[in-house]
2 protein chains.
Amino acid sequence: MSVTAAQGFTAAGIAAGIKENGNPDLALVVNNGPRLHAAAVFTSNRVKAAPVLWSQQVARGGAVSAVVLNSGGANACTGPEGFQDTHATAEKVADVLGHSAGEVAVCSTGLIGVRLPMDKLLPGVEKAAAELSPYGGEKAAIAIKTTDTTHKTAVVHGQGWAVGGMAKGAGMLAPGLATMLVVLTTDADVEAAGLDKALRDATRTTFDRIDSDGCMSTNDTVLLMASGASQVAPEYEEFADAVREVCADLARQLIGDAEGASKDIRIEVINAASEQDAVEVGRSIARNNLLKCAVHGEDPNWGRVLSAIGTTDAAFEPDGLNVAINGVWVCRRGAVGDDRELVDMRYREVRITADLGAGTDSAVIWANDLTADYVHENSAYSS
Amino acid sequence: MSVTAAQGFTAAGIAAGIKENGNPDLALVVNNGPRLHAAAVFTSNRVKAAPVLWSQQVARGGAVSAVVLNSGGANACTGPEGFQDTHATAEKVADVLGHSAGEVAVCSTGLIGVRLPMDKLLPGVEKAAAELSPYGGEKAAIAIKTTDTTHKTAVVHGQGWAVGGMAKGAGMLAPGLATMLVVLTTDADVEAAGLDKALRDATRTTFDRIDSDGCMSTNDTVLLMASGASQVAPEYEEFADAVREVCADLARQLIGDAEGASKDIRIEVINAASEQDAVEVGRSIARNNLLKCAVHGEDPNWGRVLSAIGTTDAAFEPDGLNVAINGVWVCRRGAVGDDRELVDMRYREVRITADLGAGTDSAVIWANDLTADYVHENSAYSS
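The rules behind the values
- Residues numbered from 1 in each chain as written.
- Chains lettered and ligands numbered in written order.
- Predicted model: local features only at pLDDT ≥ 70, side-chain atom pairs only at ≥ 80, totals over all residues.
- Heavy atoms only, no water.
- Helix = DSSP H or I, 4+ residues; strand = E, 2+ residues; numbered from the N terminus.
- Rg over C-alpha atoms; globule rule 2.2 N^0.38 Å.
- Buried < 20%, exposed > 50% of the residue type's maximum accessible area, 1.4 Å probe, protein only.
- Contact = heavy atoms within 4.5 Å.
- Areas by Shrake-Rupley, 256 points an atom, 1.4 Å probe, with all protein chains shown as cover.
- Lys, Arg positive; Asp, Glu negative; His and termini not counted.
- Charge placed at Lys NZ, Arg CZ, Asp CG, Glu CD.
- Axes fitted to C-alpha atoms, helices over the stretch in contact; angles between N-to-C directions.
- Parallel < 35°, antiparallel > 145°, perpendicular 65-115°, else oblique.
- Left-handed = near helix turned anticlockwise from the far one by under 90°.
- Patch = residues over 30% accessible without salt bridge, like charges linked within 9 Å, V, L, I, M, F, W, Y side chains within 5 Å.
- Salt bridge = Lys/Arg side-chain N within 4 Å of Asp/Glu carboxyl O.
- Pairing = 2+ DSSP bridges.
- Least-squares fit on C-alpha atoms with pLDDT ≥ 70 in both.
- Expected span 1.5 Å × (residues − 1).
- Buried area = accessible area lost by both parts, 1.4 Å probe.
- Polar contact = N/O pair within 3.5 Å; in protein donor to acceptor, adjacent residues only side chain to side chain.
- Nonpolar A, V, L, I, M, F, W, Y, C, P; charged D, E, K, R; others polar.
- UniProt positions renumbered as here; feature names shortened; annotations may be inferred.

1. Comments concerning the overall build of chain A
Next, step 1: On a plain count of helices and strands, chain A comes out with ten helices and 16 strands.
Next, step 2: In terms of C-alpha radius of gyration, chain A reaches 21 Å, essentially the compact-globule figure of 21 Å for 383 residues.
Next, step 3: Counting only C-alpha atoms and orienting by the principal axes, one finds that chain A spans roughly 65 × 50 × 35 Å.
Next, step 4: For chain A, with 383 residues in total, the buried portion stands at 61%.
Next, step 5: Here the contacts in chain A between residues at least 6 apart in sequence split such that 80% fall between residues at least 24 apart.
Next, step 6: Summed over all atoms, the accessible surface of chain A reaches about 13100 Å², with 47% contributed by carbon and sulfur.
Next, step 7: Here chain A contributes 31 positive and 49 negative side-chain charges, whose respective centroids are spaced 2 Å apart.

See below:
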């Protein structure tokens, strides 16, 4: 049900002809109210795509009536003309739906540095608007795919209300955020400030902690819209938990479908002096190409974990480090631990535990292995 | 001639049986004086191998009479026993040569987390000492290879004096330093303080600016020894230039032989507000896996360059960025520039120029592409 699991939302996903292969490439999600509350977080990359610059302005108002998303082109690094294209897209949506353009968010994904084919995109908006439906959530999720092999949706139900969402993203996945577009909807009656807090809390420990390939996108957007249609105003913690659960579910799906990956790596850093230390160490391990190759080769090469930890500023003593791979403590006190032959790495999920022995804080970062398929897919992307 | 190009040095390289395939794996370089001045720089990884911890102590004294280097095992993350192994190795060298162990540096390279076979290494020291020769530089350079396909040497001659060197390193190459062992020798009459300054100046802009795979080793060592045998005391600048030239030559050879690489990428960042900004941006580009894949695919994907620049804290405006690939300005003012079809990427060396438009400083970082061969080589390394 995706973004239409919550009452008050309609959605559509169609093929506008932006993708040359004729696959679906345009999605529209509309909030029919009664509330139009919204919050959003965006990429921290300083090179931001035109739709990000536009949607940041829209989200600042706390009200979003619709979001239009296209795959087949990122509209990033396209200059003032690219920004005009985004503006024209929002105006078109507003025109067709009878909304204000200032409340229409825009998201794009695909190749950087190429203008969007507006002669196809604008008629596509009309076509999508004509197909809007309270059952359109799946189609919308399908239309935002790029190199994704599956579409990603998630729903969590509260007492009389729900939070639903869809996500796309398969490469350029790194903290702060990933190459991803995520639209979350809820029919809970929550003001923009509450949405904003719940969304930031959720993304901080979910989307911000997946790191497929260390690359940060120009287009990331996570948008949460609330219709209030359930007429239920849940407690903040209950609502925030539901948002976090949907985000964690979608984040896990993104890692599970990352470009070329054959393993999903769950890196848990424990006994850190601070959560910040735990995250820094987790990210350093997640981005270590040599370790990612070793995991691909099902090689419990803990030396590469220690070498990655050693590049950080986190509090630890080298001879106080312990590392487990799939539950086997192959490194104890910074040196050889249990027999590495005991480690079974045949399954897709690989768990690395890094014990810093420096405190009581912890964090989990999700990553992928590095494979020849990743290289192949990304050497041929734009050609 | 490598480390024996300078007068006053003898060297040897032999097979001690540390490597199971019987290849040369032990090198010895001896300074026969009259001076024993030395300086060294080491990995900034906080997880340091036993030989690094030992050699840091030795170098602190400013005098090194010999250095023994082994491939076939890094002796990193091997606990107190590993440190004792290093100590025993230095004692053995001192014993055989009639030196003090406190002036014998030790370097190791190979797999992390495995003890060295001392029953082979110690007899190997005797064998190497017996083969010491003023013509042994090439053999020493060959004995320190790990996954290197060629041995690396360089020599620069001054007026009556010379600086020579050897290096090994093919993976885990990243700033601060790379996975590499480098031994430089000179017969110039230079005090330890002058050696130290010249070495730090040289490594800062050479070894510290190559980044093959973003991974920092536990064992990196660059050692410079001066015999004074030429009885010539060159001007500091002249000497420093020679050291820098040898380091730059060896650094370029390391990049040219990096594991699995098919392209050497020269990243020049220009018009930066500071040298630090230029280096930060250069490293961010150098470590971007998506860009490295694109270069492998001979795809002038400048969007990935901008996306990498955008993750830094350097001073720039997104619409003030220009990027050239092999001389074609494919990105101008943050948007589409000249026709990307004009870019010819058939040759091994690829030049990326990033113009930040924010100042007058610049820096060059060398990197490699990311290939299926890299993945293959590093998924099978320890198995």
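2. Side note on the packing of helix H5 (residues 192–204) of chain A against helix H6 (residues 236–256) of chain A
Residue and element names in this part refer to chain A.
Next, step 1: At a closest axis distance of 9 Å, the pairing of H5 and H6 adopts a crossing angle of 45°. With respect to H6, the axis of H5 lies oblique. Two packed elements cross with a definite hand, and for H5 against H6 that hand is right-handed. Together, Gly194, Leu195, Lys197, Ala198, Leu199, Asp201 and Ala202 of H5 and Tyr236, Phe239, Ala240, Val243, Arg244 and Cys247 of H6 make up the contact between the two elements.

3. Digging into a nonpolar patch on the surface
Next, step 1: A cluster of nonpolar residues, A:Met1, A:Tyr135 and A:Val155, forms a patch on the protein surface that exposes about 340 Å² of accessible area.
Next, step 2: Mapped onto the elements of the fold, A:Met1 is located in the segment before strand S1 (9–14).

4. Quick look at the sheet that holds strand S4 (residues 66–70) of chain B
All names here are of chain B.
Next, step 1: Ordered in space as S1-S2-S4-S5, the four strands form an open sheet in which the pairing is mixed. Either end of the sheet is taken by a strand with one partner, and the two such strands are strand S1 (9–14) and strand S5 (104–108). If you compare each strand with its neighbour and ignore which way they point, the axes differ by 10° on average.
Next, step 2: For S1 and strand S2 (residues 26–31), the ladder comprises six bridges, and the chain directions are antiparallel. Opposite alanine 11, over in S2, you have valine 29 as the bridge partner.
Next, step 3: Helix H3 (residues 118–130) contacts S1, S2 and S4 of the sheet and is inclined by roughly 50° relative to S2.

5. Some remarks on unusual backbone geometry
Residue and element names in this part refer to chain A.
Next, step 1: Residues glycine 33 and proline 34 are joined by a peptide bond in cis, for which omega reads 15°.
Next, step 2: By the element assignment, proline 34 lies in the loop between strand S2 (26–31) and strand S3 (37–42).
Next, step 3: Phi angles above zero are rare outside glycine, and asparagine 326 is one such case at about 45°.
Next, step 4: Tracing the backbone through its elements, the reader meets asparagine 326 in the loop between strand S12 (322–325) and strand S13 (328–332).
Next, step 5: Since its relative accessible area comes to 26%, asparagine 326 is described here as partly exposed.

6. A closer look at the pairing of strand S7 (residues 162–168) of chain B
All names here are of chain B.
Next, step 1: Taking burial as the measure, the seven residues of S7 include seven buried ones, the bulk of the element.
Next, step 2: Residues Ala162, Gly164, Met166 and Lys168 of S7 are buried on one face, and the alternating residues Val163, Gly165 and Ala167, pointing to the opposite face, are buried as well.
Next, step 3: Both strand S6 (residues 152–157) and S7 contribute to a ladder of six bridges, which runs antiparallel. Along S7, the bridge assignment pairs alanine 154 with glycine 165.
Next, step 4: With six bridges connecting them, S7 and strand S8 (residues 181–186) associate as antiparallel partners. Within S8, the residue paired with methionine 166 across the bridge is valine 183.

7. Some thoughts on the relation of the copies chain A and chain B
Next, step 1: Between the two copies, chain A and chain B, the superposition gives an RMSD of 0.0 Å; the rotation angle is 180° and the shift along the axis is 0.0 Å. Viewed as a symmetry operation, the transformation between the two copies matches a two-fold axis. If distances are taken from each C-alpha of chain A to the rotation axis, the shortest is found for A:Ala372, at 2.1 Å.
Next, step 2: Of the residues that chain A buries at the interface, 100% are likewise interface residues in chain B, meaning the two copies contact each other through the same surface.

8. Here's the deal with helix H7 (residues 275–286) of chain B
Residues and elements named next belong to chain B.
Next, step 1: Under the 1.5 Å per step criterion, the end-to-end length of H7 is 16 Å for twelve residues, consistent within 8% with the ideal 16 Å.
Next, step 2: Taken together, the buried positions of H7 are Asp277, Ala278, Val279, Val281, Gly282, Ser284, Ile285 and Ala286.
Next, step 3: Lining the buried residues of H7 we find strand S9 (210–211), strand S11 (264–272), helix H8 (289–296), helix H9 (302–309), strand S15 (349–355) and strand S16 (361–368).

9. Side note on the packing of helix H1 (residues 50–60) of chain A against helix H2 (residues 79–97) of chain A
All names here are of chain A.
Next, step 1: Running from N to C, H1 and H2 cross one another at 50°; their axes reach a closest spacing of 8 Å. One finds that H1 runs oblique with respect to H2. The handedness of the crossing between H1 and H2 comes out as right-handed. In contact with Ala50, Pro51, Leu53 and Trp54 of H1, H2 contributes Gly82, Phe83, Thr86, His87 and Ala90.

10. Concerning the interface of chain A and chain B
Next, step 1: Contacts between the two partners involve 51 residues from chain A, matched on the other side by 51 residues from chain B.
Next, step 2: Of the roughly 3900 Å² buried between chain A and chain B on both sides combined, carbon and sulfur atoms contribute 60%.
Next, step 3: For the pair chain A and chain B, the interface holds zero salt bridges.
Next, step 4: For the interface between chain A and chain B, the tally reads eleven residue pairs in polar contact (both at pLDDT 80 or more).
Next, step 5: At the level of elements, helix H8 (289–296), helix H9 (302–309), strand S14 (335–336) and helix H10 (372–379) of chain A are the ones that each hand at least two residues to the side of chain A that touches chain B.
Next, step 6: In the side of chain A that touches chain B, the residues fall into 23 nonpolar, 22 polar and six charged.

11. Remarks on the sheet that holds strand S12 (residues 322–325) of chain B
Residues and elements named next belong to chain B.
Next, step 1: Read from one edge of the open sheet, seven strands run S9-S16-S11-S15-S12-S13-S14, paired in mixed fashion. If you trace the sheet from one side to the other, it starts and ends with S9 and strand S14 (335–336), each paired once.
Next, step 2: Sheet topology note: the S11/S15 ladder contains seven bridges and is parallel. Within the sheet, the bridge partner assigned to arginine 266 lies in S15 and is arginine 351.
Next, step 3: Each of S9, S11, S15 and S16 touches H7; the most contacted strand, S16, lies at about 20° to it.

12. Some thoughts on the UniProt feature "binding site: substrate" (unreviewed entry) in chain A
Residue and element names in this part refer to chain A.
Next, step 1: According to UniProt, the positions carrying the feature "binding site: substrate" (unreviewed entry) are Thr146, Lys168, Thr179, Glu259, Asn378 and Ser383.
Next, step 2: Its place among the elements puts threonine 146 in the loop between helix H4 (137–143) and strand S6 (152–157).
Next, step 3: Given a relative accessible area of 26%, threonine 146 falls into the partly exposed group.
Next, step 4: Beyond its immediate sequence surroundings of up to four residues, threonine 146 is in contact with Ser71, Thr109, Gly110 and Lys168.
Next, step 5: Looking at the element boundaries, glutamate 259 is found in the loop between H6 and strand S11 (264–272).
Next, step 6: Residue classification places glutamate 259 among the buried residues on the basis of a relative accessible area of 7%.
Next, step 7: Of note is the side chain of glutamate 259, whose polar atom sits 2.7 Å from the side chain of threonine 147.

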